[in-house]
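Coordinates in review
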Amino acid sequence: MAFDTQLMAELELLAKFPRSSLHQGLKIHSSADQSILAAAERLFEKGVIDRPDGGYLTDLGHDLLAHIDQVHGALK
């Protein structure tokens, strides 16, 4: 299993979502780096976030974020 640059960009963007409330999300500005914009679009297409420019995490997104936190905590 390889972690290519696109996957890493998606994981890093996902990790930026707030954890304190289900009613908080992210807005990615159109002037953001192209790799961030592309990562957001891919996460949207995969059903992880509800808008192609950020928005809120879906149920799948919340599950993935919990797993990212577990992996990060274990390897930190």
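It should be noted that the structure appears before, not after, this text.
About the thresholds
Once a new chain begins, its residue numbering starts again from 1 and follows that chain's sequence as written. For this predicted model, a pLDDT threshold of at least 70 governs which residues receive local features, and a threshold of 80 or more governs which side-chain atom pairs are given and counted, while totals over whole chains, interfaces and linings are taken from all residues. Calculation of side-chain values draws on the structure's entire complement of heavy atoms; hydrogens and water are dropped beforehand. Segments assigned H or I by DSSP are reported as helices when at least four residues long, segments assigned E as strands when at least two residues long, and all are numbered from the N terminus. Whenever two N or O atoms come within 3.5 Å, that pair is a polar contact, provided that in protein one can donate a hydrogen and the other can accept it, and provided that, for residues adjacent in sequence, both atoms are side-chain atoms. A contact between two residues is defined here by any heavy atoms of the two lying within 4.5 Å. The span you would expect from a helix comes to 1.5 Å times its residue count less one. Partly exposed describes any residue whose relative accessible area lies between the buried limit of under 20% and the exposed limit of over 50%, with all areas from a 1.4 Å probe on protein chains only and scaled to the type maximum. Along the arc lie the directions from the helix axis toward the C-beta atoms. Salt bridge, as used here, is a side-chain nitrogen of Lys or Arg placed within 4 Å of a carboxyl oxygen of Asp or Glu.

Turning our attention to the side chain of E10. The residue E10 is located in helix α1 (residues 5-15) in this model. Within the local environment of E10, its side chain forms a polar contact with the side chain of K46, the two groups lying 2.6 Å apart. Every residue in contact with E10, bar those within four places of it in the chain, is listed here: A39, R42, L43 and K46.

Moving on, we come to helix α3 (residues 59-75). Given a rise of 1.5 Å per residue, 17 residues ought to cover 24 Å, and the 25 Å separating the end C-alpha atoms of α3 matches this to within 8%. Within α3, the full set of buried residues consists of G61, L65 and I68. Here the buried residues of α3 occupy an arc of 60° about the axis, which is enough to place them on one side. The outward face of α3, more than 90 degrees from its buried face, is lined by the exposed residues D59, Q70 and A74. Those residues of α3 that are buried lie in contact with α1 and β3 (54-57).

A few words now on the pattern of salt bridges. Counted by the stated rule, this structure contains 5 salt bridges. Residue R42 pairs with E10 through a salt bridge whose shortest N-O separation is 2.4 Å. Linking R42 in helix α2 (residues 34-45) with E10 in helix α1, this pair joins segments that are 32 residues apart in sequence. With relative accessibility at 16%, the residue R42 sits in the buried group. Take E10: its relative accessible area is 5%, and that puts it in the buried class. Close ionic contact of E10 with K46 constitutes a salt bridge, the shortest N to O distance being 2.6 Å. Residue E10 is located in helix α1, and its partner K46 is located in the loop between α2 and β2 (49-51); the two are separated by 36 residues in the primary sequence. Its relative accessible area of 49% is what places K46 among the partly exposed residues.

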